[in-house]
Amino acid sequence: MKALLISQDSQLHAEIAAQGAARVPPLSIGATRVSLREAIERLPADAPALVIIDAGDIEAADADLLDRLGKHYSSASFILLTGAVQHQDLLIRAMRAGVREVLQLPLVHHAFHEALDRIANATGIALLRDGKVLAFIACKGGSGATFISTNFGYGLATLADKKVMLIDLHGQFGDAALYVSDQKPAMTLADVCGQIARVDGPFLASCLVHVAPGFGVLAAADDPTNAGNLKPEQIDTLLRVARQYYDYIVLDVGRQIDAISLRALDNADAIYPILQLALPDIRDGRRLLDIFRSLGYAVETTRLIVNRYEKGGKLRLQDLQSALGAEVLHTIPNDYMAVTDSVNQGVPVLQLSRSSAVARSLAELVELVTAHRVPENKGLFDRLFGRGDNHV
Ligand SMILES: Nc1ncnc2c1ncn2[C@@H]1O[C@H](COP(=O)(O)OP(=O)(O)OP(=O)(O)O)[C@@H](O)[C@H]1O
Ligand SMILES: [Mg+2]
């Protein structure tokens, strides 16, 4: 949010700038004017969303300028900062001009933040989302976590109209963006974490590879040194902000377990280990789930996705569930042609081969996850879950 500050007090300016920068999303002072008159005569190029006025500088004769400013920025919010003694007349004029927040100077920081929260709630920012973090983690290299997470993200956006951001958490050789796009990422996870204090919705959006309306990918840190500089707290902040602007944050966790991926998993609402129905995958899956148990992750949050599933194999889904002690949420069929074409061309399979078995299966996964979001929809979930022998 950008603010116009009307004050001569440089210390107050610094104080508000510091408090504003600490907010999520940050409040920045876009322009400063020393008086109401100057604010009217020299209008900032960008209309501010918030006008903060230091009333200590206002002469009684200038009070009508408040009305003019209020009319000029009719869609902005106003905060009036008053000294110990303030003319009642001025306060009444300010109220008439649309000022809803009056705070005492010296600034009490928590009162300032409360006022900003009220303003955020009363204006469009109340439309902040409460996104869910879904983590896809490969039990074994090449299980298909990147293919599934990227194509699932695309499906969530295009089939379910959700606003989706995928974060590629691979420490090395991250390639999620390339699975669904031919654009070279301008910014990576490392760049975003390096400027974590700046992160808000517009900044995040500017860092993504835009694959489709409502679906963007934040590429992995481009080299291991940059990946090594990431801090777990930065992941907390990134996900906290991302939840406000996206319905779903899909994580391609890869298969490395380190401080960064663990912090991301700690934040996840659901974890989907991806594996194939083969003993080596089951062994690795078991190790992974043991780690999750030792970390205290609730069993219900972890559901398996079996990739390259072929019916009639020696191992049954039931065996997998008992071996791992976790439910299978979904199976994705083996579809070599459709998947290879999609991955090679960098075009989502739901776009390239809409009627392929794998595209249909991904669409079902979107349905399962979006229906399952609301616990009251359990009936629908059960129905979908029990439908066909593709599901357990
Ligand atoms: N359902 C499927 N049918 C056929 N081939 C598939 C399927 N899913 C994935 N593949 C193929 O398997 C390969 C590995 O998939 P992917 O890169 O998504 O795995 P990953 O788990 O992300 O691997 P890594 O450990 O390297 O990150 C890809 O080349 C892809 O073409
Ligand atoms: Mg991968």
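Note that the structure is predicted; figures quoted are calculated from it, not measured.

Draft legend 1. Structural view of the nonpolar core. In this structure, Met165, Ile167, Leu169, Leu204, Leu218, Leu238 and Leu251 are the most contacted members of the largest nonpolar core, which totals 50 residues. The greatest single-element share of this core, amounting to six residues, is contributed by helix 11 (residues 232-245). Here Leu251 is in contact with Val133, Leu134, Ala135, Phe136, Ile167, Leu169, Leu239 and Ala264, once residues within four sequence places are set aside. Core analysis: the next-biggest nonpolar cluster, separate from the first, contains 40 residues, Ala138, Ala177, Ala212 and Leu368 among them.

Draft legend 2. Summary view of the domain arrangement of the chain. Here the chain is partitioned into domain 1 (2-127) and domain 2 (132-386). Placing a centre on the C-alpha atoms of domain 1 and another on those of domain 2 gives a separation of 43 Å. The partner domain 2 presents eight residues to the four residues of domain 1 that form the contact. In total, domain 1 and domain 2 occlude about 410 Å² of area from one another, counting both sides; carbon and sulfur atoms represent 57% of this. Inspection of the domain 1/domain 2 interface yields zero salt bridges.

Draft legend 3. Main features of helix 15 (residues 336-345). Ala338, Val339 and Ser342 are the residues of helix 15 that are buried. Projected onto a plane normal to the axis of helix 15, the buried residues spread over an arc of 95° and lie on a single side. Turned more than 90 degrees from where helix 15 packs its buried face, Tyr336, Met337 and Asn344 sit exposed. Positive backbone phi, at 70°, marks Gly346, one or two positions downstream of helix 15.

Draft legend 4. Representation of the coordination of the magnesium ion (ligand 2). The protein atoms that coordinate the magnesium ion (ligand 2) are Thr146 (OG1) and His170 (NE2), at distances of 2.0 to 2.7 Å. Within this pair, whereas Thr146 is found in helix 6 (residues 145-159), its partner His170 is found in the loop between strand 7 (164-168) and helix 7 (176-180), the two being separated by 24 residues in sequence. Look at His170 and you get buried, because its relative accessible area is 15%.

Draft legend 5. Summary view of the site of ligand 1. The local shell around ligand 1 holds 18 residues, among which Gly144, Thr146, Phe147, Tyr179 and Asn307 are the closest. In this structure, an oxygen atom belonging to ligand 1 sits 2.4 Å away from a side-chain N or O atom of Tyr179. Asp335 is positioned with one of its backbone polar atoms (N or O) 3.0 Å from a nitrogen atom of ligand 1. Counting only elements with at least two residues in the shell around ligand 1, the list comes to helix 6, strand 12 (303-309) and helix 15. No other element matches helix 6, which puts three residues into the shell around ligand 1. The class makeup of the residues in the shell around ligand 1 is seven nonpolar, eight polar and three charged.

Draft legend 6. Highlighting the pattern of salt bridges. Per the counting criterion, the structure on display carries twelve salt bridges. With a closest N to O distance of 3.7 Å, Arg37 and Asp62 form a salt bridge. Separated by 25 residues along the polypeptide, Arg37 in helix 2 (residues 36-41) and Asp62 in the loop between strand 3 (50-54) and helix 3 (63-72) bring together distant segments of the chain. What makes Arg37 partly exposed here is its relative accessible area of 40%. A residue is classified by how much of its surface remains accessible, and Asp62, at 17% relative accessible area, is buried. Where Arg93 meets Asp67, a salt bridge forms, and the shortest distance between an N and an O atom there is 3.7 Å.

Draft legend 7. Region of interest: the sheet that holds strand 2 (residues 28-33). Read across the open sheet, the five strands follow the order 2-1-3-4-5; overall the sheet is parallel. Every interior strand has two partners, whereas the edge strands, strand 2 and strand 5 (101-104), have only one. In this sheet, adjacent strand axes meet at a mean angle of 25° when their direction is disregarded. One ladder, built from four bridges, connects strand 4 (residues 77-82) with strand 5; its direction is parallel. Paired with Leu80 across the strands is Val102, a residue of strand 5. On the sheet, helix 1 (residues 10-21) packs against strand 1 (2-6), strand 2, strand 3 and strand 4 and is oriented at approximately 160° with respect to strand 2.

Draft legend 8. How the structure looks around the pairing of strand 13 (residues 327-333). Extensive coverage of strand 13 is indicated by the burial of six of its seven residues. Note that strand 12 and strand 13 share five bridges and pair parallel. Within strand 13, the residue paired with Leu304 across the bridge is Val328. Tracing the backbone out of strand 12, into helix 14 (residues 317-324) and back to the parallel element strand 13 gives a crossover that is right-handed.

Draft legend 9. Local environment of unusual backbone geometry. Leu105 connects to Pro106 through a cis peptide bond whose omega is -5°. With respect to the helices, strands and loops of the structure, Pro106 is situated in the loop between strand 5 and helix 5 (109-122). Look at Asp161: it is not a glycine, yet its phi comes out positive at around 60°. Structurally, Asp161 is set in the loop between helix 6 and strand 7. According to the relative accessible area criterion, Asp161 is exposed, its value standing at 69%.

Conventions and cut-offs
- Residues numbered from 1 in each chain as written.
- Chains lettered and ligands numbered in written order.
- Predicted model: local features only at pLDDT ≥ 70, side-chain atom pairs only at ≥ 80, totals over all residues.
- Heavy atoms only, no water.
- Core = buried A, V, L, I, M, F, W, Y, C linked by side-chain atoms within 4.5 Å.
- Buried < 20%, exposed > 50% of the residue type's maximum accessible area, 1.4 Å probe, protein only.
- Helix = DSSP H or I, 4+ residues; strand = E, 2+ residues; numbered from the N terminus.
- Contact = heavy atoms within 4.5 Å.
- Domains from an automatic or database assignment.
- Buried area = accessible area lost by both parts, 1.4 Å probe.
- Salt bridge = Lys/Arg side-chain N within 4 Å of Asp/Glu carboxyl O.
- Arc of directions from axis to C-beta.
- Donors = N, O, S within 2.8 Å, 3.2 Å for Na, K, Ca; no water.
- Near = heavy atom within 4 Å.
- Polar contact = N/O pair within 3.5 Å; in protein donor to acceptor, adjacent residues only side chain to side chain.
- Nonpolar A, V, L, I, M, F, W, Y, C, P; charged D, E, K, R; others polar.
- Pairing = 2+ DSSP bridges.
- Axes fitted to C-alpha atoms, helices over the stretch in contact; angles between N-to-C directions.
- Right-handed = clockwise from strand over helix to strand, strands pointing away.

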